[in-house]
Amino acid sequence: MTKRSRSFSQESSRVWLWGIHACLAALKNPQRTCFRLLVTDSTLKELNLNKEGLVPKTEVIDSAALSRLLPEGAVHQGIAMEVSPLPEPSFSDLSQKDAGVLVVLDQVTDPHNVGAILRTAKSLGALGVIMTERNAPPLSGVLAKAASGALDLLPVWKVTNLARTLDDLKKDGFWTVGLDEHASQFLSKKDLPQKLCLVMGAEGEGLRRLTQEKCDYLAKLPTDPEFPTLNVSVATALALYELM
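Report on the accompanying structure. A quick note: this is a predicted structure, and the numbers were derived from the prediction, not measured. (Residues numbered from 1 in each chain as written. Predicted model: local features only at pLDDT ≥ 70, side-chain atom pairs only at ≥ 80, totals over all residues. Heavy atoms only, no water.)

## A few points about the overall build of the protein
Logical step 1: Helix and strand counts for the protein stand at 8 helices and 10 strands.
Logical step 2: Taking 18 Å as the expected radius of gyration for a compact globule of 244 residues, we find that the protein reaches 19 Å, a close match to that expectation.
Logical step 3: In terms of principal-axis extent, the alpha carbons of the protein reach across some 55 × 45 × 25 Å.
Logical step 4: Across the 244 residues of the protein, 48% fall into the buried class.
Logical step 5: Expressed as a percentage of contacts within the protein between residues at least 6 apart in sequence, the contacts between residues at least 24 apart total 77%.
Logical step 6: Just so you have it, the protein exposes about 12400 Å², and 47% of that area is on carbon and sulfur atoms.
Logical step 7: Distance between charge centres in the protein, computed from 27 positive and 28 negative side chains, equals 5 Å. (Helix = DSSP H or I, 4+ residues; strand = E, 2+ residues; numbered from the N terminus. Rg over C-alpha atoms; globule rule 2.2 N^0.38 Å. Buried < 20%, exposed > 50% of the residue type's maximum accessible area, 1.4 Å probe, protein only. Contact = heavy atoms within 4.5 Å. Areas by Shrake-Rupley, 256 points an atom, 1.4 Å probe, with all protein chains shown as cover. Lys, Arg positive; Asp, Glu negative; His and termini not counted. Charge placed at Lys NZ, Arg CZ, Asp CG, Glu CD.)

## Looking at a nonpolar patch on the surface
Logical step 1: A grouping of Leu230, Val234 and Leu238 is seen on the molecular surface, where their side chains present a nonpolar patch of about 220 Å² in accessible area.
Logical step 2: Looking at the element boundaries, Leu238 is found in helix H8 (residues 232-243).
Logical step 3: Judged by its relative accessible area of 45%, Leu238 falls in the partly exposed class. (Patch = residues over 30% accessible without salt bridge, like charges linked within 9 Å, V, L, I, M, F, W, Y side chains within 5 Å. Salt bridge = Lys/Arg side-chain N within 4 Å of Asp/Glu carboxyl O.)

## Looking at the environment of Ala26
Logical step 1: With respect to the element layout, Ala26 can be found in helix H1 (residues 20-27).
Logical step 2: Each C-alpha atom, one on Ala26 and one on Ala144, is 9.7 Å from the other, the two residues being 118 residues apart in sequence.
Logical step 3: With residues near it in sequence (within four places) discarded, Ala26 still touches Leu17, Arg32, Met81 and Asp152.

## A few points about the sheet that holds strand S9 (residues 195-201)
Logical step 1: Spatially, S7-S6-S5-S9-S8-S10 is the arrangement adopted by the 6 strands of the open sheet, whose pairing is parallel. Strand pairing shows two members of the sheet lacking a second neighbour, strand S7 (156-159) and strand S10 (217-219), which therefore form its edges. Averaged over all adjacent pairs, the angle separating strand axes in this sheet is 25 degrees, with direction ignored.
Logical step 2: By the bridge criterion, 3 bridges tie strand S8 (residues 175-179) to S10 in an arrangement that is parallel. Bridge assignment links Leu179 to a residue of S10, and that residue is Ala219. (Pairing = 2+ DSSP bridges. Axes fitted to C-alpha atoms, helices over the stretch in contact; angles between N-to-C directions.)

## Quick notes on the nonpolar core
Inside soluble globular proteins, nonpolar side chains tend to come together where they are buried.
Logical step 1: Counting 48 residues, the largest nonpolar core has Leu105 and Leu118 as its most contacted members.
Logical step 2: For this core, the leading source of residues is H1, giving 5 residues.
Logical step 3: Not counting chain neighbours up to four residues away, the residues in contact with Leu105 comprise Val114, Ile117, Val129, Ile130, Met131, Thr132, Leu162 and Met200. (Core = buried A, V, L, I, M, F, W, Y, C linked by side-chain atoms within 4.5 Å.)

## Considering the state of the cysteines
Logical step 1: On inspection of all chains with the given rule, the structure shows 0 disulfides.
Logical step 2: No disulfide involves Cys34; its sulfur sits 8.3 Å from that of Cys23, the nearest cysteine.
Logical step 3: Take Cys215: it sits in no disulfide, and the sulfur closest to it among the cysteines is that of Cys197, at 9.0 Å.
Logical step 4: In this structure Cys215 comes out as buried when scored by relative accessible area, which is 11%. (Disulfide = S-S within 2.5 Å.)

## Description of the pattern of salt bridges
Logical step 1: Across all of its chains, the model carries 9 salt bridges by this definition.
Logical step 2: Across the pair Glu59 and Arg36 runs a salt bridge, and its minimum N-O distance is 2.8 Å. Residue Glu59 is located in strand S3 (residues 58-60), and its partner Arg36 is located in strand S2 (residues 34-39); the two are separated by 23 residues in the primary sequence.
Logical step 3: Glu59 gets classed as buried once you look at its relative accessible area, which sits at 18%.
Logical step 4: The partner of Arg209 in a salt bridge is Glu213, and the shortest N-O contact between them spans 2.8 Å. Taken together, the residues span about one helical turn, with Arg209 and Glu213 both in helix H7 (residues 209-213) at a distance of 4 residues.
Logical step 5: The class for Arg209 is exposed, based on a relative accessible area of 60%.

See the structure below:
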């Protein structure tokens, strides 16, 4: 894959994570640098964290004070971390794969949905998730909480040009199937290759025209014709289950 196609967005040098599963996964990830770990006394006892050598500094803090440090509405479960962003993953291993599914998100912007998709993708054995640099949520905070630890366990790429990336993936042996409620065939009826990109569009707008043109196949899920619309994270889960 060419260097141009995988130009990644520049994340901040430090990001905040919160929630038990997100923080524990980050603590176990050697690719993360932890600058601060803030834990309430009750959560510290519940998790039985071994503070020795774990992070530069562990701070015990009360729940209200922790809430004030984080964005409004953050469900922190008594733990938050200031960490380095994840390093850029490598595409090099993908060309060596004989089979597998990559999830590709075309400007899906809701961090709860993207986090849920990461969680499902990891659970069902997907190769990773690709999303756009623009019109995509940051890889931290709300997304990490919704992903329940999957952000630190699954390769995630942010690319500047999705159409060009799909072209490059085809050169590496991937075929592309886009989910579209107006497609003529159900996903389950398609005879699809084993090395596949599942391309999902944003809620409401669906796949952009150029993205749709880059898909080798279009397929739909067997939903009620009078109410075919599904939440994008639910649609991704159903499609991945069918493919995997």
